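Spelled out from the first residue to the last, the chains are:
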Amino acid sequence: MKAFLATFWMGSKFLWRNPVSVAILICFPIVIILVLGSALSAYITPETDLEPAAVAAAADPGGLLGTFLQNDEVSRFLDVTFTDREEAERLASNEEVVAAIVEENGEVSVIRPGVGGLYTQLTMSLIDSYKQIGSAAVIAAMSGKNVYDILGKDVSVKDIPLGTRIPGSIDYYAVTMLVMILLYTGMNGLDLFNKGLLSDTGRRMLTTSASKPALIGGMFAAASVTSFLQGMVTFAFTGLVYGVYWGERIPLVLLTLFAIVLFSQALCIFLTMAIRHNGAVMGISQALFWTMTFVSKGYAKVSFGEMDKVFQYAPNSMAHTVIFGAIFGGNEAKMTSNLIILYALCLVLLMLAFVSGRRRVA
Amino acid sequence: MIVSMTGIVKRYNAHTALDNLDLTVNEGEALGLLGPNGAGKTTAIRVLTGLTTADSGEVKLFGSEMRGTAAAIKKKIGLVPQDLALYETLSARDNLNYFGRLYGVTGATLKDRVAEALDVLGLSDVAGKAPKKFSGGMKRRLNIGCAIIHKPELLILDEPTVGIDPQSRNHILDFVELMNKQGTTVLYTSHYMEEVERVCSRVLIMDAGRVIAGGSVEELTRSTLIEETVSVEVRDPAPSLKESISKVQGVLRCEGEGRTLLVTSKADSQNLARILECATPYVILGVEAHRPTLEDAFLTLTGKKLRDGNET
């Protein structure tokens, strides 16, 4: 136990004093959120020289989509003409509008003339954001309805505890950004093991009377707790500076964020133990994080069709579901199952890491 | 006997790093382990400290068989590895504290030991600074400090003075001598013969994974058949002088032009008086006998050919 605690303490100190770790996991997210926050926060009015883009909308002006398209935040970018589908398509094909927004049977699609330019992309991004739960909550708040009405079966019927704050895009991005950042904290574990247990220093550690499980466990715990605390800086920053709404079930949100941290550490440590080439480990782990973030639509809202059913089990996706559910009132059963799957994944990876680790450091 | 390695064999694929190695270290002695690159010194230390296991043979430390998890045995050993094994971004004090705790030293004892180690290694003034800002010598001293914080009974130093200035080297050697005088058994490997001659009471020479010679420095140089050389300087030597010296019993060759002649004899020829007798008709300006050193013994035993293979 003494060796475990000593290693935990040393590892934590090592990571907090690592300028690269602090820069990437604390400073970088704050800068990104500052930039995004300036662009997205409902409190800050974005200044732009862009003229609103002319679009045609085949939707009910009094419906949810109509309300969304006419709200102040969106109307700064879009000049919407409500019409029927046929007319909207005609206007788009004649390039009289940059895009036609069509709502049919609850599905919203964007018809664009040709490839489309900046305005078309802007329109698509805004519509994509409408489809996301964060924006859905905004609409729900504005229309006096609850999220269930917008998202259906995945969200339970309950009033949204919005208080005095109306959630905006920053609330959505704060969640996805934090989950992505925490996924990348696996680099902490990788760094700690490479410069510790798998280095000359580690060989010295192994000649001491401390047991291998105490050393490996201490380092894993140090990497996990430090990474989580580093993530909490971003968590607190978004909450205190931008007033991001993290809901009333903070312990559940934190438990989910911690699951992502554990998953990330376990994955990185497993790769470090299983693959001897450090460069390869770095490359593979980065590629995995990037892919997981991508398929869970962390970078861009890309539809993968049927594959989305599979990608909903990407760690980021599962964490998003639980956190948004905790904040805005999601399906409890789905949230619980996702959280269990996340922790089970951590456990499996951790066991694999431990087995590989014992062999690697032997 | 503190260390006993018997018939140790360690192979890395086709390469045999240790080939039936037999090695013993007696309590209280300072044993020097010499060998060219690739001789197997570091592998022997890795086997000894449980970092790697031998393919066959027996390792006993303090009378008990050494296994990788033998915590009780490991507490009695301090290893100063060849490469710096420190956390360079943590302070010197943090490093000492950490390794002390890994050996189970805690509380006031740890605090005292850390202060003592910093003092004796001349690092008290920089205790709060990170080793990345240290000179090579300071890092090497801290590297030693981390191995002695728990006051080991056996201190193993694997080339502890590589790449440092003479002052730091002297400091380290003084310290190792002091530890040995205070009762710590020392196992010391180095490429610097003068260090081994100074610190060690007994020397083992390894080559190709086994011990090829052992004994005190004096015993090694005497038992190794090393040629002796005498340099004789005389005024206006005649060409016949060279010839007459060459005929002295045991002389292998007599070389040199001008006033100085270099005479090489077989080992233990004891013919200095007869060589000087030949030079008596001349004015002898100087005589210098070169005594065989440990380095001579080492080179004679292991060969003078350069070996740039990787150390194993």
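Residues numbered from 1 in each chain as written. Chains lettered and ligands numbered in written order. Predicted model: local features only at pLDDT ≥ 70, side-chain atom pairs only at ≥ 80, totals over all residues. Heavy atoms only, no water.

Colleague: Can you explain the sheet that holds strand β3 (residues 30–34) of chain B? Please cite residues and give values.
Modeller: Note on sheets: strands pair through backbone hydrogen bonds, and any given pair is parallel or antiparallel. All names here are of chain B. As summarised here, the arrangement of the six strands in space is β6-β7-β8-β3-β9-β10, forming an open sheet in which the pairing is mixed. Each having just a single partner strand, β6 (77–80) and β10 (210–215) make up the two edges of the open sheet. Shown here is a sheet whose adjacent strand axes are inclined to one another by a mean of 15°, direction ignored. With five bridges joining them, strand β9 (residues 202–207) and β10 adopt antiparallel strand pairing. The residue bridging D207 from the neighbouring strand is R210, located in β10. Packed onto the sheet, helix α1 (residues 41–48) meets β3, β6, β7 (154–158), β8 (185–189) and β9 and runs at close to 150° relative to β7. Its contacts with the sheet place helix α5 (residues 136–148) against β6 and β7, and it is angled at close to 165° to β6. (Pairing = 2+ DSSP bridges. Helix = DSSP H or I, 4+ residues; strand = E, 2+ residues; numbered from the N terminus. Axes fitted to C-alpha atoms, helices over the stretch in contact; angles between N-to-C directions. Contact = heavy atoms within 4.5 Å.)

Colleague: Could you give an account of the interface of chain B and chain A, with specific residues and numbers?
Modeller: On the chain A side, the residues contacting the 27 residues of chain B number 23 residues. Summing both partners gives a buried area of about 2,300 Å² for chain B against chain A, and 61% of it is carried by carbon and sulfur. Taken together, the links from chain B to chain A amount to two salt bridges. A salt bridge links A:R17 to B:D94, with the nearest nitrogen and oxygen atoms 3.5 Å apart. Of all elements in the fold, only α2 (71–74), β6, α3 (92–102) and α5 of chain B reach the threshold of two or more residues within the side of chain B that touches chain A. Here the side of chain B that touches chain A gets five residues from one element, more than from any other, and that element is α3(B). For the side of chain B that touches chain A, the residue count by class is 16 nonpolar, five polar and six charged. (Buried area = accessible area lost by both parts, 1.4 Å probe. Salt bridge = Lys/Arg side-chain N within 4 Å of Asp/Glu carboxyl O. Nonpolar A, V, L, I, M, F, W, Y, C, P; charged D, E, K, R; others polar.)

Colleague: Outline the state of the cysteines, supporting the account with residue identities and numerical values.
Modeller: All names here are of chain A. Per the stated rule, a full pass over the model turns up zero disulfides over all chains. Lacking any disulfide linkage, C268 is separated from the closest cysteine sulfur, that of C346, by 12 Å. Under the relative-accessibility criterion, C268 is labelled buried at 0%. (Disulfide = S-S within 2.5 Å. Buried < 20%, exposed > 50% of the residue type's maximum accessible area, 1.4 Å probe, protein only.)

Colleague: Describe the pattern of salt bridges, naming the residues involved and giving the relevant values.
Modeller: On inspection of all chains with the given rule, the structure shows 20 salt bridges over all chains. When the shortest N-O distance is used, the salt bridge between A:K195 and A:D191 registers 3.2 Å. With A:K195 and A:D191 both in helix α10 (residues 186–195) and four residues apart, the pair spans about one turn of that helix. One continuous salt-bridge network, built from bridges that share partners, spans A:K13, A:R17 and B:D94.

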